[in-house]
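Architecture and fold: a report
One-letter residues, chain by chain:
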Amino acid sequence: MYLEIDFSSDEAYYQQLCNQIILGIATSQFTDGQVLPSVRQLADDIGINMHTVNKAYSVLKQEGFVKVDRRKGAVISVDVNKQRAMDTIRKSMEPLIAEAICRDLSRSDMHRLVDEVCDEFAGYVSDEGRYTPPPEKQPDAKRRAARREENTVEKDETDE
């Protein structure tokens, strides 16, 4: 899985990493027992501080998504305890549901939102359980789009 940081986002970098790794687990891009890049390697690859990657790995360990092995480093270790997972997710959802209620969203509105998000995931998971990100999320597409934008800017500057 290609991990990247959105440097313009208000979301903390370590949280972006956590979310992407959890998404990778949910979509079978990361599998139980798979070794994640070392802290130093991942920090160098995506251009952030090693302490940020270390914090992300620590949070993922606390939440039961990875185990830290002295020899292997961070290893995907999906917690199969469904009740524990449901409790954790429930705690994460409570503030979101409270906010939705404060903003006058009905129960059916919230159900529709959850269904939409689930449908988005389902649309990119094949029958074999493989996740294929939409074109705009694929690394090559992003690079090509960035190059096109750079070329457009360069052409505009040379036209003047």
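Here, the structure is the one placed above.
The following refers to the structure shown. (Residues numbered from 1 in each chain as written. Predicted model: local features only at pLDDT ≥ 70, side-chain atom pairs only at ≥ 80, totals over all residues. Heavy atoms only, no water.)

1. Structural notes on the nonpolar core
- Grouped together as the largest cluster of nonpolar side chains are 20 residues, with contacts concentrated most on Leu-17, Ile-21, Leu-36, Leu-42, Val-53, Tyr-57 and Ile-76.
- Per-element tally for this core: the top contributor is helix H3 (residues 50–62), with five residues.
- Ignoring sequence-local partners within four residues, the contact set of Val-53 consists of Leu-17, Val-39, Leu-42, Ala-43 and Ile-48. (Core = buried A, V, L, I, M, F, W, Y, C linked by side-chain atoms within 4.5 Å. Buried < 20%, exposed > 50% of the residue type's maximum accessible area, 1.4 Å probe, protein only. Helix = DSSP H or I, 4+ residues; strand = E, 2+ residues; numbered from the N terminus. Contact = heavy atoms within 4.5 Å.)

2. Details of unusual backbone geometry
- Within the chain, Asp-104 stands out as a residue other than glycine whose phi angle is a positive 65°.
- Structurally, the position occupied by Asp-104 is in the loop between helix H4 (82–102) and helix H5 (107–122).

3. Describing the pairing of strand E1 (residues 66–69)
- Pairing of E1 with strand E2 (residues 73–76), which is carried by four bridges, proceeds in the antiparallel orientation. When the bridges of E2 are listed, Val-66 appears paired with Ile-76.
- The antiparallel pairing of E1 with E2 creates a hairpin that spans three residues between the two strands. (Pairing = 2+ DSSP bridges.)

4. Description of the packing of aromatic side chains
- Within the structure shown, the criterion is met by one aromatic pair.
- Seen from their ring centres, Phe-7 and Tyr-13 are 5.3 Å apart, and the 80° between their planes marks the pair as edge-to-face.
- A relative accessible area of 47% means that Phe-7 is categorised as partly exposed.
- Among the residues examined, Tyr-13 registers a relative accessible area of 32% and is labelled partly exposed.
- One Lys or Arg, Lys-55, reaches over the ring of Tyr-14 and ends 4.2 Å from the middle of that ring. (Phe/Tyr/Trp six-rings, centres within 6.5 Å; stacked < 30°, edge-to-face > 60°. Lys NZ or Arg CZ within 6 Å of the ring centre and 35° of its normal.)

5. Digging into the packing of helix H1 (residues 13–26) against H3
- Between H1 and H3, the shortest axis-to-axis distance is 8 Å and the interhelical angle comes to 50°. Classified by the angle their axes make, H1 and H3 are oblique. For the crossing formed where H1 meets H3, the hand is right-handed. Contact residues: Tyr-13, Tyr-14, Leu-17, Cys-18, Ile-21 and Ile-22 in H1; Thr-52, Val-53, Lys-55, Ala-56, Tyr-57, Val-59 and Leu-60 in H3.
- Looking at side-chain class alone, the contact of H1 with H3 contains 11 nonpolar, one polar and one charged residues. (Axes fitted to C-alpha atoms, helices over the stretch in contact; angles between N-to-C directions. Parallel < 35°, antiparallel > 145°, perpendicular 65-115°, else oblique. Left-handed = near helix turned anticlockwise from the far one by under 90°. Nonpolar A, V, L, I, M, F, W, Y, C, P; charged D, E, K, R; others polar.)

6. Here's the deal with the packing of helix H2 (residues 39–46) against H3
- H3 packs onto H2 with a crossing angle of 120° between their chain directions and a minimal axis gap of 8 Å. As summarised for this structure, H2 and H3 are arranged oblique, according to the angle between their axes. Crossing angle aside, the handedness with which H2 passes H3 is right-handed. Only Met-50, Val-53, Asn-54 and Tyr-57 of H3 make contact with H2, whose side of the interface consists of Val-39, Arg-40, Leu-42 and Ala-43.
- Partitioning the contact of H2 with H3 into residue classes produces six nonpolar, one polar and one charged.

7. Notes on the environment of Gln-15
- Locating Gln-15 in the fold gives a position in helix H1.
- Here Gln-15 falls in the partly exposed class, since its relative accessible area comes to 27%.
- The sequence separation of Gln-15 and Val-59 amounts to 44 residues, and the corresponding C-alpha distance is 8.7 Å.

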